[in-house]
Structures are given as C-alpha cells and as structure tokens.
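# Close look at the chain arrangement
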Amino acid sequence: MAPIPGSGLAKGLAVTLRTMTRKTVTEQYPDAQPELPPRTRGVIGLFEENCTVCMLCARECPDWCIYIDSHKETVPPAAPGGRERSRNVLDRFAIDFSLCMYCGICIEVCPFDALFWSPEFEYAETDIRELTHERDKLREWMWTVPAPPALDPAAEEPKEIAAARKAAEKLAAAQAASNAPQPPEPNAPQGGES
C-alpha cells in the first residue's frame, strides 16, 4: 500500500506539538551549577608527592600532551657506611588540555597514584596557549578530587587481603605452638639418675 501524501509532514508536526506542550528543563548555568555524577571526568589533578618521574604517563599518552622535566639529585646514605643514592626530582609537570582527549590512560598507567580525575570543568581560556596548565594548577585541582566510593560490604574479600590473613593466622598458630609447654620425653632420664 502506498503511503498517504503528506503523512511524514503530519508526523513531524505531531512531534513538534507534543514537544511544545512540555515544560522546559533549561539549567541556568552559570547561576545554577549542574549536578555532576560523582566520578565525573573534568580535569586531571596531580598529587606531586607520589610522582617519581617515571614518565609512564607521558609515554603512554596518545596525544603527547603531558610535558615532564626533571633532574637527578644525590641523597646521602640512610645509615653510616651506606652508599649514596640518586633520585629524580620533578621540575615541570604540565598538561596541554587543548590536546587532551580525556581518555584517562595516564591515570590508569600511573603506578604510584599521582594522577586523579577531578570534577572541575570550568577552566576555559580566551587564548588556546593558556590551556597548558602547569603543576601548580594541577595540584590545586587535586584537592577537588572526590573520595573513592565505599566498598560493597557484600563483596568478597580481595585475594591479597585473604592471602595476607591466611599467612598471619598460620604464623600466629606456629608461634602459639612453639610457646606451649612441651611434655617430657618418655625415655629421658628423670631427676638425679645417672
């Protein structure tokens, strides 16, 4: 059966009329701040104390938008007679948010938990060159990172904790057995007999 001429136009007008009768839900930003989900991907915050300048984040970034500079410093020995150690010291950590695609790979590969998602999203600039944020700004955003969600009480215990608990119980049982009084051996000489 052939479609009736003008039926598509009638359907479109019906959708328009239905939409016109509904109440609008426009949020009046910036006067009213939006309700963001708890783990929103806004910007990346840097916890500088955890950064060991391993460069994994910069190497794994598909956009090459992370810039890190460092130098080596000699640390005196911890004990007398020990040897001096060298460690990397962070000089510059910057992220160019005009290039960043917010994939989160840098956060995932960081072995020392130095990078986190912050829900901050108001960092627009009039000049694109000002979207490269240095470590001071990244550190400010670190304090806006929400706490991780609580663990599910019904979830099973992590394997690492279960293994540590078993090892601790085995060690405690071995110590209790070694501290228990030992009965005398049956063939051992008694008292002053020789």
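Read on for an overview of the structure.

## Some words on the overall build of the protein chain
Helix and strand content of the protein chain: five helices and five strands. Going from N to C terminus, the protein chain has its helices and strands arranged as α-β-α-β-β-α-β-β-α-α. Taking 2.2 N^0.38 as the reference for a compact globule, 194 residues should give roughly 16 Å; the C-alpha atoms of the protein chain span a radius of gyration of 32 Å, well beyond that estimate. Summarising its shape, the C-alpha atoms of the protein chain cover approximately 125 × 55 × 40 Å along the three principal directions. Going through the 194 residues of the protein chain one by one, you find that 20% of them count as buried. As displayed, the protein chain has an accessible area near 15,300 Å², and 58% of this comes from carbon and sulfur atoms.

## Comments concerning a nonpolar patch on the surface
Residues Tyr29, Leu36 and Phe121 make up a contiguous nonpolar surface patch of roughly 270 Å² in combined accessible area. Secondary-structure assignment places Phe121 in the loop between β4 (115–118) and β5 (132–133).

## Considerations on the pairing of strand β1 (residues 43–46)
Every second residue of β1 is oriented toward a common face, with Val43 and Gly45 on one face and Ile44 and Leu46 on the other, all of them buried. Sheet topology places β1 next to β4; four bridges connect them, and they run antiparallel. What sits directly across from Ile44, in β4, is Trp117.

## Describing the pattern of salt bridges
A pair can form between side chains of opposite charge whenever their charged atoms are brought close. The tally for this structure, following the rule as stated, stands at seven salt bridges. Two residues, Glu134 and Arg92, come together in a salt bridge whose shortest N-O distance is 3.0 Å. You can see Glu134 sitting in the loop between β5 and α4 (135–142) and its partner Arg92 sitting in strand β3 (residues 85–96), a full 42 residues away along the chain. Glu134 sits in the partly exposed class, given a relative accessible area of 32%.

## Details of unusual backbone geometry
Looking along the chain, the bond that leaves Tyr29 and enters Pro30 is cis, with omega of 10°. Tracing the backbone through its elements, the reader meets Pro30 in the loop between α1 (7–21) and β1. With phi around 55°, Val53 is a residue other than glycine that occupies positive phi space. Positionally, Val53 belongs in the loop between β1 and α2 (56–60). Val53 sits in the buried class, given a relative accessible area of 6%. For Met55, which is not glycine, the phi dihedral falls at a positive 70°. Mapped onto the secondary structure, Met55 falls in the loop between β1 and α2.

## Details of the nonpolar core
Soluble globular proteins tend to bury their nonpolar side chains together. One finds Ile44, Ile66, Ile68, Phe93, Ile95, Phe97 and Leu115 to be the most contacted residues of the largest nonpolar core, which totals 26 residues. Those elements that place two or more of their residues in this core are β1, α2, β2 (66–75), β3, α3 (105–109), β4 and α4. Here Ile95 is in contact with Ile44, Cys65, Ile66, Leu131, Thr132, His133 and Leu138, once residues within four sequence places are set aside.

## Looking at the packing of aromatic side chains
According to the stated counting rule, one finds seven aromatic pairs in the structure shown. Judged by centre distance (6.2 Å) and plane angle (90°), the ring pair of Phe47 and Trp143 falls under edge-to-face. Placement of Phe47 in the loop between β1 and α2 and of Trp143 in the loop between α4 and α5 (159–179) is noted, with a sequence separation of 96 residues between them. A relative accessible area of 23% places Phe47 in the partly exposed class. An aromatic cluster is built from Phe97, Tyr102, Trp117, Tyr123 and Trp141, whose rings are joined through pairwise contacts.

Reading the values: the criteria
Residues numbered from 1 in each chain as written. Predicted model: local features only at pLDDT ≥ 70, side-chain atom pairs only at ≥ 80, totals over all residues. Heavy atoms only, no water. Helix = DSSP H or I, 4+ residues; strand = E, 2+ residues; numbered from the N terminus. Rg over C-alpha atoms; globule rule 2.2 N^0.38 Å. Buried < 20%, exposed > 50% of the residue type's maximum accessible area, 1.4 Å probe, protein only. Areas by Shrake-Rupley, 256 points an atom, 1.4 Å probe, with all protein chains shown as cover. Patch = residues over 30% accessible without salt bridge, like charges linked within 9 Å, V, L, I, M, F, W, Y side chains within 5 Å. Salt bridge = Lys/Arg side-chain N within 4 Å of Asp/Glu carboxyl O. Pairing = 2+ DSSP bridges. Core = buried A, V, L, I, M, F, W, Y, C linked by side-chain atoms within 4.5 Å. Contact = heavy atoms within 4.5 Å. Phe/Tyr/Trp six-rings, centres within 6.5 Å; stacked < 30°, edge-to-face > 60°.

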